[in-house]
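Coordinates in review
Okay, here's what each chain looks like letter by letter:
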Amino acid sequence: MRDALLLTGARVVDPAGGRDEVADVLVSGGLIRPAEDAPTGAMRIDCSGLVLAPGLVDPHTHLREPGREDKETVETGCRAAALGGFTAVSPMPNTDPVADNAAVIHEVLDLGARAGLCDVFPVGAITRGQDGESMAELGEMVEAGVRMFSDDGKAVSTPRVLRNALTYVKAFDDVVIAEHCEDDSLAADGQMHEGEHSYALGLAGKPRESEEIVVARDIAVARLTAGRLHLLHLSSAGSVELVRRAKADGLRVTAEATPHHLVFTDADLVTYDTSFKVNPPLRTAEDRDAIRAALVDGTIDVVGTDHAPHAVEEKEVEFDQAPPGTIGLETALGAILTHLVRPGLISIGRAIEVLSTAPARLIGASEHGGPIEPGRPANLVVFDPDLEWVVEPPFASKSRNSAFLGTTLRGRVVHTVYRGELVVADGKAQR
Amino acid sequence: MNKHLLSIHDVTAEDIVRILDTAESFREVGTRVIKKVPALRGRTVVNLFYENSTRTRISFELAAKRLSADVINFTTSGTSVAKGESLKDTALTLQAMGADAVVIRHSSSGSPLTLTKWVRGSVLNAGDGTHEHPTQALLDLYTMRDRLGRLEGLRVAIVGDVLHSRVARSLSFALVKMGADVTLVGPPTLIPPDAPSWGVAVSYDIDEVLPKLDVCYMLRVQRERQRQQYFPSVREYARLFGLTRGRVGLLPEGSMIMHPGPMNRGVEIDSDVADLPQAVMEEQVTNGIAIRMSLLYLLLGGRAEEVSADA
């Protein structure tokens with residue numbers, strides 16, 4: 001038991017193992033071991049006052065590689081992930097070239113393995129070149145390890161394409177189709193949520209209905225196919241209500257919310273600040289509160305960051321010329337702790353469930369999300385739930401387009417253990 | 001007054017009266033043989049036009065020159081912008097050259113506000129996207145007050161593509177601020193969904209509105225809106241909402257017809273109607289120079305005694 005690491009005195013929060021108690025956790029040889037087996041020479045880290053949980057899992061990341069390495073690479077994105085407490089991330093396929101074939105998937109997997117900072121579970125495109133029409137070779141990508149497919153950035157063109165995709169993947173075990181719900185004809189040219197603020201700012205709007213129409217369409221197709229459907233970054237009260245009903249009807253539908261949709265509203269855009277330009281757009285306080293309620297009652301299953309790095313010069317422009325997106329890996333945990341756990345909307349246990357346990361299940365990351373038990377791979381996060389910090393550069397991400405920039409968060413990652421290795425110690429990346 | 005003029009929301013009713021009154025004294029300058037006062041001598045005004053505009057750019061240029069300011073016209077074709085320079089870098093360049101005021105026209109809503117982050121001088125919005133065009137609204141108010149003697153209680157219809165019109169927005173906000181009675185008229189597809197919150201009335205029937213007006217303000221309707229299916233054809237638009245020869249007789253005696261230009265004769269307004277004596281488009285242009293002189297003068301803090309002094 002060389003390399004033994006004993007994390008002592010932390011509050012262990014492990015929804016998968018049904019635990020919430022102060023305990024010591026021993027890590028050795030990449031695995032969790034019984035604490036009582038700790039050798040006398042083990043490296044001991046005092047974690048009293050801190051929370052120890054299964055490493056976070058981001059089911060929705062943009063790592064930009066291959067193609068836009070100026071914004072992010074797999075390595076810089078994985079470092080940002082580790083600093084944010086993530087031990088697994090799922091990069092979306094809208095790279096250049098698109099991850100619509102096994103070769104690109106293998107490339108991303110290799111880059112992730114080389115970085116060695118967290119596990120990378122690439123999402124494959126549903127359609128070739130994300131054209132929304134012609135199905136990509138899903139089987140070959142499943143063989144390469146893909147468990148989730150999505151054309152994230154846009155919805156598939158027609159219900160027929162979705163029907164075929166949901167039906168075709170039944171040939172494989174536990175494969176999920178994830179949809180970005182947006183109707184182009186209603187959302188066309190839209191820069192933000194359509195409402196009071198878009199009217200006042202003179203910006204073209206995206207009405208709630210541009211999302212809800214596709215959510216309703218996709219749920220209908222899930223009903224038709226009895227397929228396994230996941231809905232990405234829901235932004236409207238109507239959308240979560242549709243999902244709530246679909247779940248009550250017993251459909252195999254899950255849904256995601258992002259930290260920024262859980263925190264901000266369209267009122268934050270009144271100075272044309274492009275940091276808040278995201279897609280789907282930030283909507284009203286009523287919508288945000290409905291998404292929060294859906295996270296509380298289980299209608300929303302997972303939190304995904306939709307970490308979307310963009311170069312400074314791309315964001316520091318006229319509002320309608322800026323690309324949508326905010327980075328999120330380094331702020332997700334702090335945002336959820338500050339805005340949902342601290343006000344008492346959810347428990348720390350529920351926070352870990354939506355940030356780790358449930359997304360691990362969603363993307364098929366069986367070595368993540370807990371339980372924290374002897375013999376399991378040691379993918380862990382240790383965080384200080386009370387530490388106050390101001391979000392500001394430098395970030396580990398290559399980009400700094402954060403909607404949380406300048407805000408104060410309470411709760412920050414102290415250590416991240418990935419496959420038994422301390423990749424983040426005392427809030428600093430170890431490599 | 002605020003340092004910048006980005007929106008009609010930046011000025012109070014009292015500010016508006018002051019702007020119009022100051023313009024009144026500047027209009028006289030335009031009638032002199034030597035149309036120049038030294039109020040802004042040694043100051044630099046930059047016209048930064050990202051969108052084509054002949055009348056607004058020339059109007060601002062003349063206004064600044066009549067105040068003896070140094071004027072730089074920065075249009076986007078054939079410049080660093082055409083070579084891909086960003087708004088930020090252009091702004092920093094202008095800042096480094098010591099611009100006291102930047103007049104910006106841009107197709108992106110909010111660009112004038114964004115510009116204030118990078119320049120220290122005053123920023124004047126000369127039209128941004130579908131957001132606002134405050135100097136146009138102020139010159140229109142000036143023209144109405146000049147002709148009709150008041151703004152309060154004035155009955156004004158703004159007719160046409162209100163949805164995409166920065167002029168209609170600024171003008172509505174300004175008129176409501178001054179106590180006028182505003183009705184927006186157009187096909188429902190071209191009326192903003194939030195119009196009721198502006199404090200204005202909405203009508204889809206121009207014939208019902210015309211007999212009750214002091215001012216009929218026509219907006220330019222782009223043919224492109226037909227392609228986007230906001231209305232079925234230009235022919236039908238003109239028939240239902242155009243100020244036609246047959247319809248103009250519904251306007252009460254003494255009422256005015258206005259248009260911000262450029263006009264689409266035969267679409268929103270018949271050619272003969274545009275040439276009637278009650279159509280005051282040329283006065284709007286003349287008054288535009290005086291209003292812009294007034295704004296540059298007030299925003300740049302010129303001194304009152306310089307107004308009367310001959311150059």
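What counts and how
- Along each chain, the written sequence defines residue order, and numbers are assigned to residues from 1.
- Ligands are numbered from 1 and chains lettered from A, in the order in which they are written.
- Local features in this predicted model are restricted to residues whose pLDDT is 70 or higher, and side-chain atom pairs enter the listing and the counts only when it is 80 or higher, whereas totals over whole chains, interfaces and linings include all residues.
- Strands are runs of DSSP state E lasting at least 2 residues, helices are runs of H or I lasting at least 4, and numbering of each runs from the N terminus.
- Restricting the calculation to C-alpha atoms gives the radius of gyration, and the globule rule supplies 2.2 Å times the number of residues raised to the power 0.38.
- Once C-beta atoms are placed from the backbone, each residue is buried if 20 or more other C-beta atoms lie within 10 Å of its own, exposed if 12 or fewer, and partly exposed for counts between those two.
- Two residues qualify as being in contact provided that their C-beta atoms, derived from the backbone, are within 7 Å of each other.
- One confidence number per residue, pLDDT, is output by the predictor and ranges from 0 to 100.
- In the scheme used here, Gly and all other residues not listed as nonpolar or charged are polar, with Ala, Val, Leu, Ile, Met, Phe, Trp, Tyr, Cys and Pro taken as nonpolar and Asp, Glu, Lys and Arg as charged.
- Angles here are taken between N-to-C directions and fall from 0 to 180 degrees, while the axes themselves are lines fitted to C-alpha atoms, restricted in helices to the stretch in contact.
- By convention the crossing between two helices is left-handed if the near helix lies anticlockwise of the far one by an angle smaller than a right angle, and right-handed if it lies clockwise.
- The start and end points of each domain follow an automatic or database-based domain assignment.
- If DSSP finds at least two bridges between two strands, the strands pair.
- Note on definitions: a nonpolar core is a set of buried residues drawn from Ala, Val, Leu, Ile, Met, Phe, Trp, Tyr and Cys, linked by C-beta atoms within 7 Å.

Looking only at helices and strands, one finds 13 helices and 9 strands in chain B. Relative to the compact-globule value of 19 Å for 311 residues, chain B shows a C-alpha radius of gyration of 19 Å, a close match. By principal-axis analysis of the C-alpha atoms, chain B measures approximately 55 × 45 × 35 Å.

Moving on, we get to the overall build of chain A. Helix and strand content of chain A: 13 helices and 19 strands. In terms of overall size, chain A behaves like a compact globule, its C-alpha atoms giving a radius of gyration of 21 Å where 431 residues would be expected to give roughly 22 Å. Overall, chain A is about 65 × 50 × 45 Å in size when its C-alpha atoms are taken along their principal axes. Taking all 431 residues of chain A together, the buried fraction comes to 61%. Residue pairs at least 24 apart in sequence account for 76% of intrachain contacts in chain A once pairs closer than 6 positions are excluded.

Next up on the list: the confidence of the model for chain B. All names here are of chain B. Per-residue confidence for chain B gives a mean pLDDT of 93; residues scoring 70 or more make up 95%. For residues 304-311, every residue scores under 50 in pLDDT, and the model assigns this stretch 14 contacts once sequence neighbours within four places are set aside. As scored by the predictor, the complex reaches a pTM of 0.93 and an ipTM of 0.89.

Let us now look at the interface of chain B and chain A. Listed by partner, the interface residues are 18 residues for chain B and 14 residues for chain A. Secondary structure elements with two or more residues in the side of chain B that touches chain A: helix 3 (87-96), helix 4 (111-115) and helix 6 (166-177) of chain B. Looking at which element gives the most residues to the side of chain B that touches chain A, the answer is helix 4 of chain B, with 3 residues. In terms of residue class, the side of chain B that touches chain A is built from 3 nonpolar, 10 polar and 5 charged.

Residues and elements named next belong to chain B. In the contact formed by helix 5 (residues 134-148) and helix 12 (residues 281-299), the axes pass within 8 Å of each other and the chain directions differ by 115 degrees. When you trace helix 5 past helix 12, the crossing you get is right-handed. Mapping the contact onto sequence places T135, L138, L139, D140, Y142, T143 and D146 in helix 5 and E283, Q284, N287, G288, I291, R292 and L295 in helix 12. For the contact of helix 5 with helix 12, the class distribution of residues is 5 nonpolar, 5 polar and 4 charged.

Many structure descriptions define interface size as the accessible area lost when the parts assemble. Residue and element names in this part refer to chain A. Each assigned domain of chain A is listed with its residue range as follows: domain 1 (5-51 + 375-394 + 409-429) and domain 2 (55-363). The interface is formed by 21 residues belonging to domain 1 together with 22 residues belonging to domain 2. Among the elements of the structure, strand 16 (380-390), strand 17 (408-418) and strand 18 (421-425) are those that each provide at least two residues to the side of domain 1 that touches domain 2. Counting residues per element, the side of domain 1 that touches domain 2 draws most heavily on strand 17, which supplies 7 residues. Here the side of domain 1 that touches domain 2 is built from residues that sort into 15 nonpolar, 3 polar and 3 charged.

Residues and elements named next belong to chain B. The sheet built from 4 strands is open, its strands ordered 2-1-3-4 with parallel pairing. Each edge of the open sheet carries a strand with a single partner, namely strand 2 (70-75) and strand 4 (122-128). Pairwise comparison of adjacent strand axes, ignoring direction, gives a mean angle of 15 degrees for this sheet. Bridge analysis of strand 3 (residues 101-106) against strand 4 gives 5 bridges, and the strand direction is parallel. Paired with A101 across the bridge in strand 4 is S122. Where helix 12 meets the sheet, its contacts fall on strand 1 (44-49), strand 3 and strand 4, and the angle it forms with strand 4 comes to roughly 150 degrees.

Let's shift gears to the nonpolar core. Among the nonpolar cores identified, the biggest contains 236 residues, and A:L52, B:V102, B:I158, B:C216 and B:L296 are the most heavily contacted of them. With sequence-adjacent residues up to four places away left out, B:L296 is seen in contact with B:L40, B:V45, B:A63, B:A64, B:L67 and B:A101.

The next thing to look at is the sheet that holds strand 8 (residues 215-218) of chain B. All names here are of chain B. As summarised here, the arrangement of the 5 strands in space is 7-6-5-8-9, forming an open sheet in which the pairing is parallel. Looking along the sheet, the strands with just one partner apiece sit at the ends: strand 7 (201-203) and strand 9 (256-258). Across the sheet, the mean angle from the axis of one strand to that of its neighbour is 20 degrees, orientation sign disregarded. Bridging between strand 6 (residues 181-185) and strand 7 involves 3 bridges; their strand directions are parallel. Across the sheet, L184 pairs through a bridge with V202, a residue of strand 7.

Attention shifts here to the environment of A:N101. All names here are of chain A. With respect to the helices and strands, the residue N101 is situated in the loop between strand 7 (86-91) and helix 2 (102-115). When the C-alpha positions of N101 and G84 are compared, they lie 29 Å apart, and in sequence the two are 17 residues distant. Sequence-distant contacts of N101, defined by excluding residues within four places in its chain, comprise A136, E137 and E140.

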